[in-house]
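Single-letter residue listing:
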Amino acid sequence: MERTQVGIVGAGPAGLLLAHLLHRAGIDSLVLESRSRAEVEGTVRAGVLEQGTVDLLRETGVGSRLDREAFFHRGVYLRFAGRTHHIDMQALTGGKRVTLYAQQEVVKDLVDARARAGREIAFEASNVAIHDVASGRPSLSFTHAGRERRLACDFVAGCDGTHGVSRHSLPEGALTRHERTYPFAWFGFLVEAAPSADELIYARHDRGFALVSMRTRTLQRMYFQCDPSEEPDAWSEERIWAEMRARLETSDGWKPVEGRITQKVVVPMRSLVFEPMQLGNLFLAGDAAHVVPPTGAKGLNLAAADVRVLARAMQRFYADGDRGGLDAYSSKCLERVWKAQRFSYWLTTLLHRSESDTSFDRNRQLAELDYLVHSRAAMTSFAENYVGLPFDE
Ligand code: APR
Ligand code: PHB
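Summary of the structure given here. Remember, it's a predicted structure, so these values are computed and weren't measured experimentally. (Residues numbered from 1 in each chain as written. Chains lettered and ligands numbered in written order. Predicted model: local features only at pLDDT ≥ 70, side-chain atom pairs only at ≥ 80, totals over all residues. Heavy atoms only, no water.)

**Quick notes on the site of ligand 2**
So the rule is basically this: Throughout this document, a residue counts as near a molecule or strand when at least one of its heavy atoms sits within 4 Å of that molecule or strand. The term polar contact refers here to a pair of N or O atoms within 3.5 Å; inside protein, the definition further demands a hydrogen-donor-capable atom paired with an acceptor-capable atom, and it admits residues adjacent in sequence only when both atoms are side-chain atoms. The protein chains shown are the only cover counted for residues, whose accessible areas, like all others here, come from Shrake-Rupley with a 1.4 Å probe. Just so you know the grouping, Ala, Val, Leu, Ile, Met, Phe, Trp, Tyr, Cys and Pro go in nonpolar, Asp, Glu, Lys and Arg go in charged, and all remaining residues, Gly too, go in polar.
Taken together, 15 residues surround ligand 2, and among them Tyr202, Ser213, Arg215, Tyr223 and Thr295 come closest. In this structure, an oxygen atom belonging to ligand 2 sits 2.8 Å away from a side-chain N or O atom of Arg215. Separating an oxygen atom of ligand 2 from a side-chain N or O atom of Tyr223 is a distance of 2.5 Å. For ligand 2, whose accessible area on its own is 280 Å², the fraction buried by protein is 100%. Per-class residue counts for the shell around ligand 2 are 9 nonpolar, 3 polar and 3 charged.

Put into structure tokens, the structure is as follows:
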């Protein structure tokens, strides 16, 4: 039997950042990941970091590539009824910015930090199982590089995303599930082209939502609302561009910069929270505990906030045996999680079109958008949620 202080299941942003924070606090951990390093580092997900996430990465020594390569934006554009409105979030929030840095770049930086620390990530681990979850002595078993391994832990961190084993290791009925699914999805694609705009464009159109995001000077990320059953291959490049042009049209003739499309994916949309986020010495973090629709780009940021709370609680426990922070973990995280859920739901319903919408809903959406871009109070509320509510102090 091997031993570690914290067994971490999953090497996504949550698991990797937790391992990094624990290492800096002198706490030992081992990370188990079912996929290969190349797959983990190659998964395309959202790319917006809250100010608090950026600060955390910088403060803990993993922000230097981000500082060189990320785009820092003052705000975002909202486009509706043929017109574009800029929301200057930096001015509205006393200096907080919108950082564009893809999730897989954060993941690569954290995998590098782990390697530099000389600590293990067991990639391509299979048959991962958690034992004695509810007890004070949990353990993990897994197969790695053809070898059966067993790991005794003080704590297990379930950072294995929506479909991982951690949550399913809990006894039936231990968690309450709060869920809302949406009758639409996002069609996401990468484009080999220059950026279409200097900042992100969120567009509401009668044909449905569209989003112009970015990655680098030569690669862009865009999305449009589609049916959840849509097949990516049913969409040729010409059809995608015709749809994007229609949804993004403005009275002054603006058009997106087109280019070769290199990746197409349909992303389902749902809001999901499991409560509580802990049982015994098992703690869930990130997507294992909650999922947001991508509209507010909160997924990675919530994962970062969770593991910051968890790392601090563990540090307190190892420093003076005080379980107070650990016991309060779930309630502390859920306060912030529910606010991010509220924001993501609000932004989703503000910008998307639903089959069941009537002319009432259409006019209500347009009135709300018009109010938003003309009221400083409404814009400030939007901005402070978008750049990120405060992390736990
Ligand atoms: N054993 C080991 N690893 C597993 C298992 C398992 N049984 N099941 C899943 N995993 C791994 C996945 O392969 C993945 O790499 O756990 C990791 C979970 O990572 P994410 O899904 O990225 O979740 P999280 O770290 O919580 O990050 C949240 O990522 O999913 C996005 O939109 C989400 O941006 C948000 C962020
Ligand atoms: C992205 O760049 O992938 C992205 C940006 C903003 C969002 C969601 C996704 O709201």
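Right, picking up where we left off after that structure.
**Some words on the nonpolar core**
Note the cut-off: Throughout this description, the term nonpolar core refers to a set of buried Ala, Val, Leu, Ile, Met, Phe, Trp, Tyr and Cys residues connected via side-chain atoms within 4.5 Å. Between buried and exposed lies partly exposed: a residue is buried under 20% and exposed over 50% of the maximum accessible area for its type, with that area taken using a 1.4 Å probe on protein chains only. Helix and strand assignments follow DSSP, with helices taken as H or I runs no shorter than four residues and strands as E runs no shorter than two, numbered in order from the N terminus.
With 71 residues, the main nonpolar core has Ile8, Leu18 and Met314 as its most contacted residues. Counting residues per element, this core draws most heavily on helix H8 (residues 299–320), which supplies 11 residues. Val98, Met214, Leu350 and Leu372 belong to the second largest nonpolar core, which has 35 residues in total.

**Focus: helix H7 (residues 237–248)**
The periodicity of an α-helix, 3.6 residues per turn, causes residues three or four positions apart to be oriented the same way. Rules: Multiply 1.5 Å by the residue count of a helix minus one, and that product is the helix's expected span. To be clear, the arc concerns the directions from the helix axis to the C-beta atoms. Contacts are residue-level and defined by heavy atoms, with any inter-residue pair within 4.5 Å sufficient.
Over its 12 residues, H7 runs 16 Å from end to end, which matches the ideal 16 Å to within 8%, given 1.5 Å per residue. Every buried residue of H7 is accounted for by Ile240, Trp241, Glu243, Met244, Arg247 and Leu248. The buried residues of H7 occupy one face: seen down the axis, they fall within an arc of 160 degrees. On its buried side, H7 packs onto strand S5 (76–80), strand S12 (176–192), strand S13 (201–204), strand S14 (210–212), strand S15 (219–226) and strand S16 (260–275).

**Here's the deal with the pattern of salt bridges**
Keep this limit in mind: Salt-bridge detection follows one rule: a side-chain nitrogen of Lys or Arg within 4 Å of a carboxyl oxygen of Asp or Glu.
By the definition in use, this model includes 28 salt bridges. When the shortest N-O distance is used, the salt bridge between Arg364 and Asp361 registers 3.7 Å. Of this pair, Arg364 and Asp361 are both found in helix H11 (residues 359–374), 3 residues apart, which corresponds to roughly one turn of the helix. Judged by its relative accessible area of 18%, Asp361 falls in the buried class.

**Examining the site of ligand 1**
Looking at ligand 1, there are 21 residues lining it, with Ala14, Glu33, Arg45, Gln103 and Asp287 nearest. In the environment of ligand 1, an oxygen atom lies 2.9 Å from a nitrogen or oxygen atom belonging to the side chain of Arg35. Within the side chain of Arg45, an N or O atom sits 2.8 Å from an oxygen atom of ligand 1. Out of a free accessible area of 700 Å², ligand 1 has 86% covered by protein chains. Those elements giving two or more residues to the shell around ligand 1 turn out to be helix H1 (13–24) and H8. Broken down by class, the residue content of the shell around ligand 1 amounts to 8 nonpolar, 8 polar and 5 charged.

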